[in-house]
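Fold and geometry: a report
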Amino acid sequence: MIIALNIGLAVLILALGVWTIVARDTFAAVVGFIAYGLLLTLIWVQLHGIDVALTEGAIGGGLTGALLIGAASRLRKTESKARAERPGALVRGLAAVVASAVTLALVICVLALPDPAPTLAPQVAANIAVTEVGNPITAVLLAFRAVDTLLEAIVLVFALIGVWSFAPDRAWGGRPGAQQHVDPNGILAYVARVLPPIGIMAGLYIFWVGADHPGGKFQGATILAAMWLLTMMAGLTDAPPISRTWLRFGLVVGPLAFIAIGLAGAVTAGALFAYPLGYAKPFIIAIELALLPSLALILALMLLGAPQRAASQ
Amino acid sequence: MSLALNLFTIVAVVAGAFFFLAGTVGLLRFPDTFTRLHALTKADNLGLGLVVLGLLPHASSLLVALKLIFVWLLVLLASAAVSQLIARAANREGPRA
């Protein structure tokens, strides 16, 4: 029964992947991609990778999907023109050769993987006790491979600066996104009033249980960002001008706290990004707590896009 | 007792699956946006509701059971709001195949 379910999932996701690629309409392809992300979430659950499933659902399906919908709706004007263009036989042939070569290389890599796969999981299991967190994913992300996580957070800040740099000069420092004109008594405004308290609780809960169970700052921050975006979409709040000091501070507080605690480790624990023995968990929670608002702000602002309106509007 | 509970679960989940199937068929076969939305809400509301109802006797604790019901309520809120929004957008754009 379970095997039938797994085979069904595998067939469905492959078919959906092919459909997403061959779909001619950009919007249809984006919808296919979002459904693909949701199916992938189910597959991760089936593989008992609940942490990955949560991330895929929140970031892969949800946030990336929303970003792509925004891109597709901006491209709609040029869609028919782009479809009318047909590259020459040479370009198409080259594209086919390159795509096949990449696929072939991937196939060779997958087939050449050693069996059993090399793993550091036993070392993590043997040493997780010193970090005092119960979720091995959190232990890896914030203790054993903390630098990776720090760089990830910094990359996100850079990505947001990249998005902002598309702003026209007159709007620099202003508010991102278009002004929303929504019926204040409409259904969207209603949902934007009812849902955020529940969503904020859910986001904080997922953040908090991340120490010992699947969850964590990234998934929690995505939910918080979604709630903020919902109130902005419904016109209940407006996007803040990106020149606000509190906003800029919020964006960097997570990485800064991470770096500060990492540097302090050099003095108190004898190595960069090491935690003094017995205090690992408070420091890990402090870092996650500082990263939560930064990530929520970055993810929401990335979705809003470049500033379009002067701050005074 | 456990036989009765299992029977209840099977009946409720199968009924829920039936509504999902019916909703999907309606989504594929109905002629316009509004009737398709009508079909879709049957899957969300009744289908998921029946599946949750069927799973309740097997919840490991009261908290898990409450979470299941809560998930259903959240889906109800989301699907009702989204179908309203889609219907309004479709209404504004006028009839289209």
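Residues numbered from 1 in each chain as written. Chains lettered and ligands numbered in written order. Predicted model: local features only at pLDDT ≥ 70, side-chain atom pairs only at ≥ 80, totals over all residues.

Quick look at the overall build of chain B
- From N to C terminus, chain B includes three helices and zero strands.
- Element order for chain B, N to C, with α for helix and β for strand: α-α-α.
- Against the 2.2 N^0.38 benchmark of 13 Å for 97 residues, chain B shows a C-alpha radius of gyration of 16 Å, more extended than a compact globule.
- With the principal axes as the frame, chain B shows a C-alpha extent of 55 × 25 × 10 Å.
- Sorting the 97 residues of chain B into buried and exposed places 10% on the buried side.
- When contacts within chain B are restricted to residue pairs at least 6 apart in sequence, those whose partners lie at least 24 apart make up 63%. (Helix = DSSP H or I, 4+ residues; strand = E, 2+ residues; numbered from the N terminus. Rg over C-alpha atoms; globule rule 2.2 N^0.38 Å. Buried ≥ 20, exposed ≤ 12 C-beta atoms within 10 Å, placed from the backbone. Contact = placed C-beta atoms within 7 Å.)

What to know about the overall build of chain A
- Within chain A, the secondary structure is distributed over 11 helices and two strands.
- Secondary structure elements of chain A occur, N-terminal to C-terminal, as α-α-α-α-α-α-α-β-α-α-α-α-β.
- Dimensions of chain A along its principal axes, counting C-alpha atoms only, are 65 × 60 × 40 Å.
- Relative to its full complement of 313 residues, chain A shows a buried share of 27%.
- For chain A, contacts bridging at least 24 residues in sequence account for 74% of all contacts bridging at least 6.

Remarks on the domain arrangement of chain A
- As assigned here, chain A comprises domain 1 (1–85), domain 2 (88–118) and domain 3 (122–313).
- A C-alpha centroid distance of 21 Å is found between domain 1 of chain A and domain 2 of chain A. (Domains from an automatic or database assignment.)

Concerning the nonpolar core
- In this structure, Ala221, Ala225, Leu295, Ala296, Leu299 and Ala300 of chain A are the most contacted members of the largest nonpolar core, which totals 51 residues.
- With 15 residues, helix 11 (residues 280–304) of chain A is the single largest residue contributor to this core.
- Shared between two domains, this core takes at least three residues from each, and those domains are domain 1 (1–85) and domain 3 (122–313) of chain A.
- The next biggest cluster of nonpolar side chains, apart from the first, holds five residues, and it includes Ala43, Leu50, Val51 and Val52 of chain B. (Core = buried A, V, L, I, M, F, W, Y, C linked by C-beta atoms within 7 Å.)

What about the packing of helix 5 (residues 121–131) of chain A against helix 6 (residues 136–144) of chain A?
Residues and elements named next belong to chain A.
- Running from N to C, helix 5 and helix 6 point in directions that differ by 70°, and their axes come no closer than 10 Å. On the basis of the axis angle, helix 5 is roughly perpendicular to helix 6. Contacts between helix 5 and helix 6 pair Val124, Ala125, Ile128 and Thr131 from the former with Pro136, Ala139, Val140, Ala143 and Phe144 from the latter.
- Taken together, the residues of the contact of helix 5 with helix 6 break down into eight nonpolar, one polar and no charged. (Axes fitted to C-alpha atoms, helices over the stretch in contact; angles between N-to-C directions. Parallel < 35°, antiparallel > 145°, perpendicular 65-115°, else oblique. Nonpolar A, V, L, I, M, F, W, Y, C, P; charged D, E, K, R; others polar.)

Structural notes on helix 5 of chain A
- With respect to burial, helix 5 of chain A is a largely exposed element, only one of its 11 residues being buried.
- Looking one or two residues beyond helix 5 of chain A, the residue adopting positive phi is Glu132 of chain A, at roughly 65°.

Side note on helix 1 (residues 2–29) of chain B
- Taking 1.5 Å per residue, 28 residues should reach 40 Å; helix 1 of chain B reaches 40 Å between its end C-alpha atoms and fits that length.
- Where helix 1 of chain B is concerned, the buried positions are Gly16, Phe19 and Gly23 of chain B. (Expected span 1.5 Å × (residues − 1).)

Let's talk about the interface of chain A and chain B
- Listed by partner, the interface residues are four residues for chain A and four residues for chain B.
- Of the residues belonging to the side of chain A that touches chain B, the class tally is four nonpolar, no polar and no charged.

Points about the packing of helix 1 of chain B against helix 2 (residues 33–55) of chain B
All names here are of chain B.
- One can describe the packing of helix 1 onto helix 2 by two numbers: an axis separation of 7 Å at closest approach and a directional angle of 165°. By the angle class used here, helix 1 and helix 2 are roughly antiparallel. The way helix 1 lies across helix 2 gives a crossing that is left-handed.
- In terms of residue class, the contact of helix 1 with helix 2 is made up of 17 nonpolar, seven polar and two charged. (Left-handed = near helix turned anticlockwise from the far one by under 90°.)

So, unusual backbone geometry
Residue and element names in this part refer to chain A.
- Note that the residue after Asp115, namely Pro116, is joined by a cis bond; omega there is 0°.
- Looking at the secondary structure, you find Pro116 in the loop between helix 4 (89–111) and helix 5.
- Although it is not a glycine, His48 adopts a positive phi angle of roughly 65°.
- Residue placement: His48 occurs in the loop between helix 2 (26–46) and helix 3 (50–84).
- Backbone geometry at Glu132 places phi at a positive 65°, although glycine is not the residue there.
- According to the C-beta neighbour criterion, Glu132 is partly exposed, with 18 such atoms within 10 Å.

Digging into the environment of Pro240 of chain A
Residue and element names in this part refer to chain A.
- Summarising the element assignment, Pro240 is placed in the loop between helix 9 (217–233) and helix 10 (245–268).
- Residue Pro240 is classed as partly exposed on the basis of its 17 C-beta neighbours within 10 Å.
- In sequence terms Pro240 and Trp172 are 68 residues apart; their C-alpha atoms lie 13 Å from each other.
- Sequence-distant contacts of Pro240, defined by excluding residues within four places in its chain, comprise Arg175 and Leu247.

Digging into the confidence of the model for chain B
Residue and element names in this part refer to chain B.
- For chain B, per-residue confidence averages 88 on the pLDDT scale, and residues scoring 70 or more make up 96% of the total.
- By mean pLDDT, helix 2 is the weakest element of chain B at 88, and helix 1 is the strongest at 91.
- As a predicted assembly, this complex carries a pTM of 0.88 together with an ipTM value of 0.83. (pLDDT = per-residue confidence, 0-100.)

Thoughts on the environment of Ala12 of chain B
Residues and elements named next belong to chain B.
- As for its placement among the helices and strands, Ala12 is situated in helix 1.
- Owing to 19 C-beta atoms within 10 Å, Ala12 belongs among the partly exposed residues under this scheme.
- The spacing of Ala12 and Val51 is 39 residues in sequence and 6.2 Å in space, taken between C-alpha atoms.

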